[in-house]
Every structure is written in C-alpha cells, then in structure tokens.
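Chain residues, written in single-letter form:
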Amino acid sequence: MNRALLLTVLALCGCGDPPTAALATRRQAICGTPATAATRTIYEGLKAECAGCHQSGTRGYFSSLGAFQALLVSDPRLVNPGNPDGSELMKLLEGKGTGAFKQMPIAGQTYAMRTAAAGASVAEIRAWITGLTAQARDNRPDPLARPITRMSAQQMQRALYQQLGLDHADFFIVASEFSLPMAETRGDTRYPVQSQDALPAPRQPQASGRFEGLGGGAVIGQVRADTSISPTYVLTLQQTAQAWCRLALAKPGNTALFAAGGVPASDAASVKATIERWSLHFLAQPMTPADVDALHADVFVPLLAETNQTNAYVGLCSYFIRHPLWSLY
Amino acid sequence: MKLSRRKLMQAALGATQVGLLSQFGMGRSAFAAPLKATKLLTIWIGGGCHWESFFAPFTSAGITKFMVPPTGGLTPHGYKPSQVENFDRSLVDLDQPGVKRKLRGPVYWNWANHSDAAGVLPSSGGSQNFRPWGYAWADPMYKIYERIAVLVGADQNTAAHTSGIVASMCGVAGATFRAPAIQAVVANALASRFPDRPLANVSLGGINTTSLDLPSIAAPVRIGSPSSIEPTLSDKWDSSWLGLRARTMEPGLKFDGSSQSAAMPLTRVDAALLKATRGLKGKSSPGADAVLEQLYETYKGTSRTLARDVVAVLGQVKGFEHLKANAEYPINWSSCIGSADSCGGSASMGPYDLALQLLKSNLVTSVSMNGSSFNNTQFDTHSVGGPQFGANHLRIAFEQVARMLIEMQLTPGAAPGKTLLDETIVYVYSDFGRTFPRQGSDHHPATCAILAGGSIIGNQLVGGYDEAMNGSPLGVPVPLIEEGGQTETRPPRSQDVAATVINAFGLEPGKDFFIPGGYGVFDGVIG
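Cut-offs and rules
Residues numbered from 1 in each chain as written. Chains lettered and ligands numbered in written order. Predicted model: local features only at pLDDT ≥ 70, side-chain atom pairs only at ≥ 80, totals over all residues. Helix = DSSP H or I, 4+ residues; strand = E, 2+ residues; numbered from the N terminus. Buried ≥ 20, exposed ≤ 12 C-beta atoms within 10 Å, placed from the backbone. Contact = placed C-beta atoms within 7 Å. Domains from an automatic or database assignment. Nonpolar A, V, L, I, M, F, W, Y, C, P; charged D, E, K, R; others polar. pLDDT = per-residue confidence, 0-100. Expected span 1.5 Å × (residues − 1). Pairing = 2+ DSSP bridges. Axes fitted to C-alpha atoms, helices over the stretch in contact; angles between N-to-C directions. Parallel < 35°, antiparallel > 145°, perpendicular 65-115°, else oblique.

Engineer: I would appreciate a short explanation of the overall build of chain B in the present structure.
Structural biologist: Helices and strands together make up the secondary structure of chain B, namely 14 helices and 20 strands. Across the 527 residues in chain B, those meeting the buried criterion constitute 58%. Sequence-distant contacts in chain B: of pairs separated by 6 or more residues, those separated by 24 or more amount to 67%.

Next up, the structure:
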C-alpha cells in the first residue's frame, strides 16, 4: 500500500482523530495492524523463553497476543518488517544486540543456541520477519482503559485523620504485651482502622479487619492489597466515614471541620457556607451554587427535620467522604 | 484486531485486557440454561495438601512405590495396599484399569467402634493405632461418599502458594487473577435468577474471590469474622448511624439516568451520592465512566443490603442443627494428634457454622471460606515430619468437611424434596499437592479437588498419577470434554477443574464462560 493510500485509509478509519473525538463515541476505530496467524505462532513459540520476564511492566510484550503485536511487532525499533538482520529482536536472539543488552535471555546461552526444541526456531522467526509487511501502530490511548483508581486503605486512613482532625490517640491507647507495644482500641464502636503491620500493632483483630475491608494489605497476615471497588470497601468506608465524622464533630477543640470547633448553627447560610468549604476541603474543587443549594435541600434539611443538626452535619460530612471525587483519582 | 474467544484463550488475557470480556457479552449475567445448582460453597484448605494420604489414587504397585509403609503408632501415616478400602465397603480392586475408581483411601478408623482412638490397627501389622477422624466420609448411616467426586492430578502450572491458590480459584495460575474467580463467575451468572440475594459472593477468608470486570453484584463481600458482620452489613451501631438510618423509596435509576423498574430504599445521603455520581458521567473517558458505574452500582447494592437487614435474617438462621441429633456428631467436637500431644475443637477449623448460616439464609449465592485442622493448622509442612503431620491433620480437617456435607444433606433445601446439598456445589481445593511421602513434603504442582453436592456423580476418584515416573509424577490423562465439544484424553490442568465446577451449575463452556488458556470439563463427573 503506498503512503498516500495508507494515510487516506487511516483518515477514513478515524485514526488521525484526536482522542477526545473518539472518546465521545465511546468506541474508536481499530487502527493497528492485527496479529496474523503467523505472528501468533511466533508469539507462542517465543513465549516459553520470554514470558517469565516480559509478562508485565513497560516491556510486557508477552502479557497477551495483543500486547505482543502492539508493543513489539509494530515497533520498528524492534522488528523491521522484511528485514530480519535489521531487526533488534533478531539481533538479541542471536547475541548481537546493539543496545544495552547483547542478548535475550540476558545470561547464559543465546536464544539461538538454546532453542533446538523450542516452539519457534531462529529460522522460523527470520522467515516470519521476512514475510511481515509494514505494521501500523496505534499510539492513541485506549478510551476503554481505566484511567482512574481509588485510594488505598493507608491513604484513606491518613487523609481522614488529617481532614477530620483525628489521630491515633482517638482510637487507641498505649498498651504492651510481652513488652511488645500494642495498640489497644478504645472500643470498636469508634471504628478503629489499623494495619496488622502497623507499629504499635492493633491488639484487636477488628481494627485490622476494617483496614483490610478498605482494601489494605498486610505482610504479616499475607493479605494482598486490593483497590477494587467491592461491596466490602463501600460498606466499610460508609460505616467508618459516618462514625469518624461524628467523632470529629464531638472532639473538643477540633478545628479541622469548623474553625471555631464544635457544631455550628443550622441556618441555611451557615450550612451552605460549610458545604462550599467542605467541597474544597474534601474534594479540592468548588461546587456550583446550584449544587450547594441541592445538597443543602436534599441532605441537610431533611436530616435536620428528622433528627438534629449534629446528625445532619454528620450526614453532610460523610457525603463528601463517600463522594467519588474523594476516593478516586 | 478481530478477536474471537479462541484467540483470546490462546493469547491468555492480561489483567488489563480482561475488559475485553465485555465485547463478548461475558460481562452480563445472561445465563439462561436450566440450573443444576443454585449455590456454591468453596473451602480452601491452606498450604498444599498430602491428598494421597487420605485418598488412595495409586495402584498397589504405586502405593508401594510412592507411599511409606505404615508407621507412626498413635500418629499414623503411610499405608500399604491392604489398608486401602472403598468407602462404600465394596471389594476394592487397586489394580482395576481405567481412571475412574470408587472413592477409597487408607482406613485408620475402627469400623466396629469408630470413636476408638487408641486400639491397635490390625491392618497396619501393629505399627499404627486407630484414629477416628475421617470416618464421617464412610459412615454408612449417611453415605456421604455417594455425593463426592475427587478429581486427581490436575496440574496447577505452578508450585508457588498464591499462584496455586489463584489457579484453584480461577483456573489460571498467576500472582494476580487473569480470569474472574469461580465464585464471582457463578455469583454473576445466577444474579438474574436470584435478584433478592444481596450477598452474591461472600468471602469468609483467604484470597479475595475476585470479580475483575464482572458486574458489581459479583464483587466479593468480605466478612473477616462473625463479629464484623454487624458493623459492616448492618446499620445497627449508633456510633455510625444515629439519625442517618431513615430510608425513602426513590426511583431506581441506572448510571445513565434511565429508569429501572424497582424503586430503591435509599438514605438521604445515598440518594444525594447516586445523583452526584450520575452527574459525573461523560466528564472523562468511557474507561473512567466504567469505574464510576461500578461504584454507582455498588452504592446501590450495598444500600439494598443494609436495607434488607441481613444481620436480623442471619440471626434467625441456625448453622449446625440437624447432625447433632446423632450423639456421635456433636456440634462442638475435639480431636487430637497423638495421645493428646495437641488438641483442638471444631470451631477452630474455620467458619463452617457461619457458612452454613449464610447458605441456609438464601442471602447468598457463593460462600468462600478457609478450612483447616484444629487451631487453624494449615498444611505447608516442609519438614521431615511433614507427611506425618500433614496426614494426621488432614484427616481431622476432612472430618469436618464431611460433617459439613452431612449437615447440608440433612438440611431441607428451598425447593420441595431437595436438600441444601442438592442445591449446592461444594468445591474443596488447596494451593497444590505435596511431593509424595518418599520424596518428602515439598510443593507439588499436581493437585486434587473435591466436588460434592448438586448433580455431582459421587463415589468417584477420577484420575491418578503417572506411576511409570519416579519422584512425584503429574496426573495421568483423563477424558475431558473440550470447549469445542469433542472429548479428548489428556492430563488435567487447573483450568479443567475450574471449568468443571462452573459447568456443574449448567453453564456451558465457551458460551456462558471461558477461561484463558483453554479448558475442558471432566467427563462423567456431572450428572
């Protein structure tokens, strides 16, 4: 395909569009050259030798056939279609690399020397590169990729301590067991959160269980950190946010939520001013006046009517902590 | 790139590519085939087991070759061919050709007095004493063996703990999940059939039953301990909920703002949060919207859970309640290693009682738990005494598994004439196997799986080990129904075990689910 025709086709495919245009449609045309059956054969053949190191990370060529095609086959720095001797991949396999590494695998015999029984022989790889035509590479970001994640349990604990004016002493008292420093909870109704790995370690398992409910890992407990959005995470954050907001509002001298401390008046102007301030405090962005009015009307006013102003402020405070913009980044 | 399921399987999905599942409708719970079971209980026996110490998958020559002779006295392990019996007490034929045998194993209990924990075991030649634990598997009063199939010799493709557990849970070994956990797949598939189950995928311990990009209904709800239920799944505690409990029925809206049929009971804060989350749609990329939608749906799901007051429901459901009518099977029972070298109670073997409550409550589709011997004793034993330690503790751990199955068999199911065990698939797995006793007690990639309940064709030991090999061989070929429908005979892999568990619910391979790397279903295991 000549260059002009290729550019025309690419344009028709929408491959030259800026990402935002494609994002608006939720889908974007597939522009990269697809992996052929021959490529798949080579991928499978190389995989046994290469996947151990190249399964993930910035050089995760073998995490999938798609990754192999997009990151390696379509990268002219590594594979020069039609020219095996001009391909760095071939040079690396034969111990003639020109970059930081002379060969792959890095140590021992070269691939060419060690793969008599491998799925892809050097001759087959050479033939495959010789038979490759120009490979188009799609450099646009995948609009379906998830660009945001949520805070870890540790980040949440730190952020909440800071934003609510709470600290370790609000949840734990100093204790020791066999001369080891322990964190004795002041009661589970305060919803303490502490990693098993923390020093001093939480003495009661509920604190570490809650930390793990928020997705926290623990080396000592062989618990893997998990930042997925699970019901456990949502429930734990909800319960903890409500309890901690209540603690913060009741804490003497705590100026984190209100400059003067204590629970302020419940008139509309004071509450709306609080909403504006808490939006900046928790979400780091201002709310529109309409949104302030709506939140006041939807949350504070009914809670005030149903219970009292402390509970209404607890509801507002927990709203901001559970807001997607607080936990997602 | 044009993608097909086959290509995806051959390529094996990376974690970041699992989102591609949705292109095939795999993200939806559109499963429509007749159900073969409605609940799943998975029990992880941690550390990697000496399966061959409890079951006897070898021929008589294999027993001599791979097992140590009977020894140990009051802490017996090892056995000779003549100690192996079929659990149904039919005549055992260790050298019967083929890969399907009746459920069998070395018998250490005294058939005439199965609480005997001291008498000399004659079949051992006097070198071992009777031990009662494990008898529940063969108790003719309940014949629970008729509901159990053991799949032997599946290659986990790894000998690392986490990777092996992940392989048992999703079919594909790895440090992270490259396919959703079986528990999540089943929870998702059955969600549309049981929309009133607020806790579709409950994890009572162990590695999270990861759902990856499946809908939020399939995401795991982790209950670390019974004491964590109330402050997590209920609005009972004033320190968190005072003044915030009131709910109003609000229109059920999807993330895109369109209407759903059922109204939802929402707190004031919940309603405002859902509104704010809907308002973020379209502000960034579709990928960001997918995260927000997942959060949105989880908000809705958890709000329903709290409104349902699952704690009150659970409070009305008993765990073990039927088996205790037999005085030989009290709810709380003790066991010991040796004379009384170490002992412990059944309550320390895992949250069986809570798992039973959950299964009986109809609040859940899948319950995942960690089972062990007493005092949470796990099975990662590398020492010289590992086979002896493992064999003795495994009998105790498996005794509790069998008692659980019997209790489920005695419990009426939701459908008339059915039992809880009829409605539930029970899947017992470990990280992997262990090298056979003559080779020590190291990690061994070949593992076994126990399937019970539902329409599992019981009293089967399916597969074996390649006894022509030395050391600790892998599994022998077994007939497997491949994704394409053809039957092939090849050594089983972790994918095949996972596929068989999922297929036991009626989900069709390649249609209702798939597992990266290819898979088949054990032939003749599901009725």
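Text resumes after the structure shown.
Engineer: Can you help me understand the overall build of chain A in this one?
Structural biologist: Check the secondary structure of chain A and you find 14 helices and three strands. Taking all 329 residues of chain A together, the buried fraction comes to 38%. Taking contacts inside chain A between residues at least 6 apart in sequence as the whole, the part at least 24 apart equals 49%.

Engineer: Help me understand the domain arrangement of chain B, please; the structure alone is not making it clear to me.
Structural biologist: It is common to report an interface's size as the accessible area lost on association of the parts. Residue and element names in this part refer to chain B. For chain B, the assigned domains are domain 1 (6-223 + 364-522) and domain 2 (235-308). The C-alpha-based centres of domain 1 and domain 2 are spaced at 39 Å. For the side of domain 1 that touches domain 2, a count of residues per class yields five nonpolar, one polar and no charged.

Engineer: It is not clear to me how the confidence of the model for chain B should be interpreted in this structure. Could you clarify?
Structural biologist: For residues with low pLDDT, the predicted coordinates do not support detailed interpretation. All names here are of chain B. Per-residue pLDDT for chain B averages 91, and the proportion of residues at 70 or more is 94%. Here residues 1-28 scores under 50 on pLDDT; set against residues more than four positions off or in separate chains, the count is 54 contacts. The complex prediction reports pTM at 0.81, with the ipTM value standing at 0.79.

Engineer: Teacher, can you tell me more about the interface of chain B and chain A here?
Structural biologist: With 53 residues of chain B at the contact, the number on the chain A side is 58 residues. Looking at the side of chain B that touches chain A, the elements with two or more residues in it are helix 1 (5-11), strand 7 (221-222), helix 6 (229-233), helix 7 (238-241), helix 8 (268-279) and helix 9 (286-308) of chain B. Considering only residue class, the side of chain B that touches chain A consists of 28 nonpolar, 21 polar and four charged.

Engineer: Please clarify how helix 8 of chain B should be interpreted in this entry.
Structural biologist: Compared with an ideal rise of 1.5 Å per residue, which puts 12 residues at 16 Å, helix 8 of chain B spans 17 Å between its outermost C-alpha atoms and is within 8% of the ideal. Considered for burial, the residues of helix 8 of chain B that qualify are Arg268(B), Val269(B), Asp270(B), Ala272(B), Leu273(B), Leu274(B), Ala276(B) and Thr277(B). Turning to helix 8 of chain B, the residues buried within the fold contact helix 12 (289-306), helix 13 (309-322) and helix 14 (324-327) of chain A together with strand 9 (264-266) and helix 9 of chain B.

Engineer: How should the domain arrangement of chain A be read in this particular structure?
Structural biologist: Residue and element names in this part refer to chain A. Splitting chain A by domain gives domain 1 (16-131), domain 2 (150-236) and domain 3 (263-329). Spacing between the C-alpha centres of domain 2 and domain 3 amounts to 26 Å. Taken together, the contact pairs four residues of domain 2 with six residues of domain 3.

Engineer: I keep staring at the sheet that holds strand 18 (residues 478-482) of chain B and nothing clicks. Help me out?
Structural biologist: By way of backbone hydrogen bonds, the strands of a sheet pair with one another, either parallel or antiparallel. All names here are of chain B. If you walk across this open sheet you meet the three strands as 19-18-20, and the pairing is antiparallel. Lying at the two open borders of the sheet, with one neighbouring strand each, are strand 19 (487-490) and strand 20 (520-522). For this sheet the average axis-to-axis angle between neighbouring strands, irrespective of direction, equals 45 degrees. Here strand 18 runs beside strand 20; their pairing, made up of three bridges, is antiparallel.

Engineer: Explain helix 13 of chain A here, please?
Structural biologist: In this model, helix 13 of chain A (14 residues) spans 20 Å end to end at C-alpha, consistent with the 20 Å of a helix rising 1.5 Å per residue. In terms of burial, helix 13 of chain A is largely enclosed, as 12 of its 14 residues are buried. When we look at burial in helix 13 of chain A, the residues that qualify are Asn311(A), Ala312(A), Tyr313(A), Val314(A), Gly315(A), Leu316(A), Cys317(A), Ser318(A), Tyr319(A), Phe320(A), Ile321(A) and Arg322(A). Elements in contact with the buried residues of helix 13 of chain A: helix 8 (153-164), helix 10 (231-250), helix 11 (268-283), helix 12 and helix 14 of chain A together with helix 8 of chain B.

Engineer: Please clarify how the pairing of strand 6 (residues 199-203) of chain B should be interpreted in this entry.
Structural biologist: Residues and elements named next belong to chain B. Within strand 6, five of the five residues are buried, which leaves it mostly tucked inside the rest of the structure. Pairing geometry for strand 6 and strand 7, over two bridges, is parallel. Looking at the pairing, Val202 lines up with Val221 of strand 7.

Engineer: What is the right way to read the environment of Gly301(B) from this model?
Structural biologist: Of note, Gly301(B) is situated in helix 9. It is 8.8 Å that separates the C-alpha atoms of Gly301(B) and Leu199(B), two residues lying 102 residues apart in sequence. Sequence-distant contacts of Gly301(B), that is, excluding residues within four places in its chain, are made with Pro231(A), Ser216(B) and Ile217(B).

Engineer: Looking at this structure, how should I read the sheet that holds strand 7 of chain B?
Structural biologist: Spatial ordering of the open sheet is given by 3-17-5-16-13-1-12-6-7 (chain B), a layout of nine strands whose pairing is mixed. Unpaired on one side and paired on the other, strand 3 (100-101) and strand 7 of chain B mark the two borders of the sheet.

Engineer: Looking at this model, I keep getting lost on the packing of helix 3 (residues 37-50) of chain A against helix 4 (residues 65-73) of chain A. Mind explaining?
Structural biologist: The axes of two packed helices give the description: the angle between them and the distance between them. All names here are of chain A. For the pair helix 3 and helix 4, the least separation of the axes is 10 Å and the interaxial angle reads 100 degrees. With respect to their mutual orientation, helix 3 and helix 4 come out roughly perpendicular. For the pair formed by helix 3 and helix 4, the contact residues are Thr39, Arg40 and Tyr43 on the first element and Leu65, Phe68, Gln69 and Val73 on the second. Of the residues assigned to the contact of helix 3 with helix 4, the class counts are four nonpolar, two polar and one charged.

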